[in-house]
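Architecture and fold: a report
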Amino acid sequence: MLALVTGASRGIGRAAALELAKNNFNIAVNFNRSPDSAKSVCEEIKALGVKAEIFQADAGDYSQVEEMFKAVKSSMGESVSVLVNNAGITRDNLLMRMKPEEWYEVINANLNSVYNCTHAAIRDMAKAKYGRIINIASVVGLTGNAGQANYAASKAGIIGFTKSIAREYASRGITVNAVAPGFIETSMTEVLKPEIKADILKSIPEGRIGSPEEVAKAVLFFAGESSSYITGQVLAVDGGMTMF
Ligand code: NAP
């Protein structure tokens, strides 16, 4: 069975791709700007004994995504059964200072990408009467966060999208769920100032930053048979940071 992970060249996407590979999924490794990292993730995956190939595409670009899905099918010889919409960026700023490009870039990379990839994947999943779509949201899509209106809006959008597509495709054997990570140790968070990190840590009952591998375990759960009767859900992986 083939899984496509967007933004698999590092961080949570890389960990999700490796976790799925350890559990016998073949992996299409999508990346945008980091070919060397994507190649090395691909080698790590192949060493686990499954098939893997890299596919460059800006997930926020509709036609690049369409071409990528065609290339994946012809090159890997099967269609995508598990889609992990993970690609994401931040362009943090308070609203007063937020430039239009900071708003549009984030909505495009984080939210339009989810539409693009899901739209490209869904026809084959529906034909197969089977599919697993896992969208990487964020706890800030549930709570909001000062300085991240663009990012929080994109993640809240992902949650609404997840629930809608879950309803549309539940009768076709396709589940659609979201994983909402809290504060995870990746290149996205390493740029935060130490005082901001310290403040965030105070709000986490477990008192520590999470690892990409801990998020990947939740992705694996939604990718497999163990979650067959679960759809339209949002699972926070955040050390207790948000409780609803
Ligand atoms: P990261 O280390 O910065 O990695 C981001 C990944 O996304 C990279 O592989 C990058 O690939 C890829 N990417 C970015 N824009 C892309 C595009 N337009 N098309 C294709 N790939 C693209 O970030 P991360 O922390 O692992 O984040 C992964 C996901 O988790 C994101 O959606 C993020 O919002 C979410 N998340 C992270 C945290 C956290 O604390 N780290 C918390 C909540 C949610 P290239 O370099 O090849 O472009």
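In what follows, the structure referred to is the one given above.
So, here is what we can say about the structure in this document.

Thresholds, definitions, all that
Per-chain numbering applies: the sequence of each chain, read as written, is numbered from 1 onward. The predicted nature of this model means local features are confined to residues of pLDDT at least 70 and side-chain atom pairs, given and counted, to a pLDDT of 80 or more, with totals for whole chains, interfaces and linings taken over all residues. Where side-chain values are given, they derive from all heavy atoms of the structure, hydrogens and water being excluded. Aromatic rings from Phe, Tyr and Trp, taking only the six-membered ring of Trp, are treated as a pair when their centres fall within 6.5 Å; an angle between ring planes under 30 degrees marks them as stacked, one over 60 as edge-to-face, and anything in between as tilted. Secondary structure is summarised from DSSP: a helix means a run of H or I of at least four residues, a strand means a run of E of at least two, and numbering begins at the N terminus for each. Using a 1.4 Å probe on the protein chains alone, a residue whose accessible area is under 20% of its type maximum counts as buried, one over 50% counts as exposed, and one in between counts as partly exposed. Each residue is tested against the molecule or strand, and it is near if at least one of its non-hydrogen atoms lies within 4 Å. Whenever two N or O atoms come within 3.5 Å, that pair is a polar contact, provided that in protein one can donate a hydrogen and the other can accept it, and provided that, for residues adjacent in sequence, both atoms are side-chain atoms. Per-residue accessibility takes into account occlusion by the displayed protein chains alone, with areas from the Shrake-Rupley method and a 1.4 Å probe. Nonpolar residues are Ala, Val, Leu, Ile, Met, Phe, Trp, Tyr, Cys and Pro. Charged residues are Asp, Glu, Lys and Arg, and all others, Gly as well, are polar. Whenever a helix is involved, its axis is fitted only over the stretch in contact; in every case the axis is a line through C-alpha atoms, and angles between N-to-C directions fall within 0 to 180 degrees. Angle categories are assigned with fixed cut-offs, so that under 35 degrees is roughly parallel, over 145 is roughly antiparallel, 65 to 115 is roughly perpendicular, and the rest are oblique. By convention, the crossing between two helices is left-handed when the near helix turns anticlockwise from the far helix through less than a right angle, and right-handed when the turn is clockwise. In this description, contact between two residues means that some pair of their heavy atoms is separated by no more than 4.5 Å. What makes two strands pair is DSSP finding at least two bridges between them.

Side note on the packing of aromatic side chains
Under the criterion given, the structure shown has two aromatic pairs. Ring centres of Tyr62 and Tyr115 lie 6.1 Å apart, and the angle between their planes is 20°; on these two criteria the pair is classed as stacked. Here Tyr115 lies in helix α4 (residues 100-128) and Tyr62 lies in helix α3 (residues 62-76), a separation of 53 residues in the sequence. Classification of Tyr62 as partly exposed rests on a relative accessible area of 33%. Residues Phe221 and Phe222 carry aromatic rings whose centres are separated by 5.3 Å and whose planes lie at 50° to one another, so their mutual orientation is tilted. A residue is classified by how much of its surface remains accessible, and Phe222, at 2% relative accessible area, is buried.

Some thoughts on unusual backbone geometry
The backbone of Asn24 shows a phi angle near 75°, a positive value even though the residue is not glycine. Even without a glycine there, the phi angle at Lys129 is positive, about 55°. Of note, Lys129 is situated in the loop between α4 and β5 (131-136).

Focus on the site of the ligand
In the vicinity of the ligand there are 30 residues, among which Ser9, Ser34, Asn86, Tyr151 and Thr186 approach most closely. Residue Ile12 places a main-chain N or O atom 2.8 Å away from an oxygen atom belonging to the ligand. Here Asp58 contributes a side-chain N or O atom positioned 2.8 Å from a nitrogen atom of the ligand. Relative to its free-state accessible area of 880 Å², the ligand is covered by the protein chains to the extent of 95%. Residue assignment for the shell around the ligand shows that the elements contributing at least two residues are α1 (11-22), β2 (26-31), α6 (149-169) and α7 (187-190). Counting residues per element, the shell around the ligand draws most heavily on α7, at three residues. Its residues assigned to classes, the shell around the ligand shows 13 nonpolar, 13 polar and four charged.

Here we look at the packing of α4 against α6
Closest axis-to-axis distance for the α4/α6 pair is 8 Å, and the angle between their directions is 15°. It follows from the interaxial angle that α4 and α6 lie roughly parallel. Crossing handedness for the pair α4 and α6: right-handed. Residue-level contacts link Glu102, Trp103, Val106, Ile107, Asn110, Leu111, Val114, Tyr115, Thr118, Ile122 and Ala126 of α4 to Ala149, Asn150, Tyr151, Ala153, Ser154, Lys155, Gly157, Ile158, Phe161, Ile165 and Tyr169 of α6. Among the residues making up the contact of α4 with α6, the classes are represented as 15 nonpolar, five polar and two charged.

Overview of the sheet that holds strand β6 (residues 174-181)
With respect to topology, seven strands assemble into an open sheet ordered β3-β2-β1-β4-β5-β6-β7, the strand pairing being parallel. Taken across any chain shown, the strands that pair with only one partner, and hence form the sheet edges, are β3 (52-56) and β7 (234-237). Averaged over all pairs of adjacent strands, the angle between their axes in this sheet comes to 20°, without regard to strand direction. Alignment of strand β1 (residues 2-5) against β2, held across four bridges, turns out to be parallel. Paired with Ala3 across the bridge in β2 is Ile27. Against the sheet, α6 makes contact with β5, β6 and β7, and its axis sits at roughly 160° relative to β6, the strand it touches most. In this fold helix α9 (residues 212-223) packs onto β4 (80-85), β5, β6 and β7, with an angle of close to 170° to the strand it touches most, β6.

No statement about biological role is implied by the geometric values presented.
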